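Residues per chain, in single letters:
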Amino acid sequence: MSCLFCRIIAGEIPATKVFEDDELIAFNDINPQAPMHVLIVPRQHVATLNDLESGHDSLVGSMIRRAAAIASERGFADSGYRTVFNCNAAAGQTVFHVHLHVLGGRTLTWPPG
Ligand code: 5GP
Ligand code: ZN
């Protein structure tokens, strides 16, 4: 298995998990860009946003709602937080297994770099 996030899901590579259920896992990013930087990852391997199909709609909804729940648990619901899906090289995607970044705990500028 060559996909890094599939290997984390399989327990072959350690990660600091903050949530898991039957369809998702969430863990801290190894190179955090904010005090909270969590990655929400479906257990199913889907490489990029371009590969999502209508059958994934519920899964993606669960990812986004989990992001909101984690941000809320950390106290960022009102102050604000950011969610990001990078898709392919120009956006900076480096791991080709769909994941949602959840960042919070500092003021985040816009536009992003
Ligand atoms: P992307 O650039 O594909 O949108 O995001 C990939 C993220 O995965 C990056 O923020 C990177 O720091 C994180 N990452 C890369 N390798 C590992 C790892 O082995 N463990 C964890 N927890 N995060 C990783
Ligand atoms: Zn994968």
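Details of the structure are given in the entry above.
Residues numbered from 1 in each chain as written. Chains lettered and ligands numbered in written order. Predicted model: local features only at pLDDT ≥ 70, side-chain atom pairs only at ≥ 80, totals over all residues. Heavy atoms only, no water.

**Describing the coordination of the zinc ion (ligand 2)**
Step number 1: At this site the zinc ion (ligand 2) is bound by Cys3 (SG), Cys6 (SG), His45 (ND1) and His97 (ND1), with donor distances of 2.0 to 2.3 Å.
Step number 2: Around the zinc ion (ligand 2) sit 4 donor atoms; with metal-centred angles ranging over 105 to 118 degrees, the donor geometry is tetrahedral.
Step number 3: Sequence spacing of the donor residues for the zinc ion (ligand 2), all on one chain, is C-x2-C-x38-H-x51-H.
Step number 4: According to the relative accessible area criterion, Cys6 is buried, its value standing at 15%. (Donors = N, O, S within 2.8 Å, 3.2 Å for Na, K, Ca; no water. Tetrahedral: all angles 85-135°; square planar, octahedral: opposite > 155°, others 65-115°. Buried < 20%, exposed > 50% of the residue type's maximum accessible area, 1.4 Å probe, protein only.)

**Thoughts on the packing of aromatic side chains**
Step number 1: Per the stated rule, a full pass over the model turns up 1 aromatic pair.
Step number 2: Ring centres of Phe5 and Phe27 lie 5.4 Å apart, and the angle between their planes is 80 degrees; on these two criteria the pair is classed as edge-to-face. Within this pair, whereas Phe5 is found in helix H1 (residues 4-9), its partner Phe27 is found in strand S2 (residues 24-28), the two being separated by 22 residues in sequence.
Step number 3: Accessibility expressed as a relative area gives 5% for Phe5, which makes it buried.
Step number 4: Among the residues examined, Phe27 registers a relative accessible area of 3% and is labelled buried.
Step number 5: Over the face of the ring belonging to Phe19 we find Arg66, whose NZ or CZ atom lies 3.7 Å from the ring centre. (Phe/Tyr/Trp six-rings, centres within 6.5 Å; stacked < 30°, edge-to-face > 60°. Helix = DSSP H or I, 4+ residues; strand = E, 2+ residues; numbered from the N terminus. Lys NZ or Arg CZ within 6 Å of the ring centre and 35° of its normal.)

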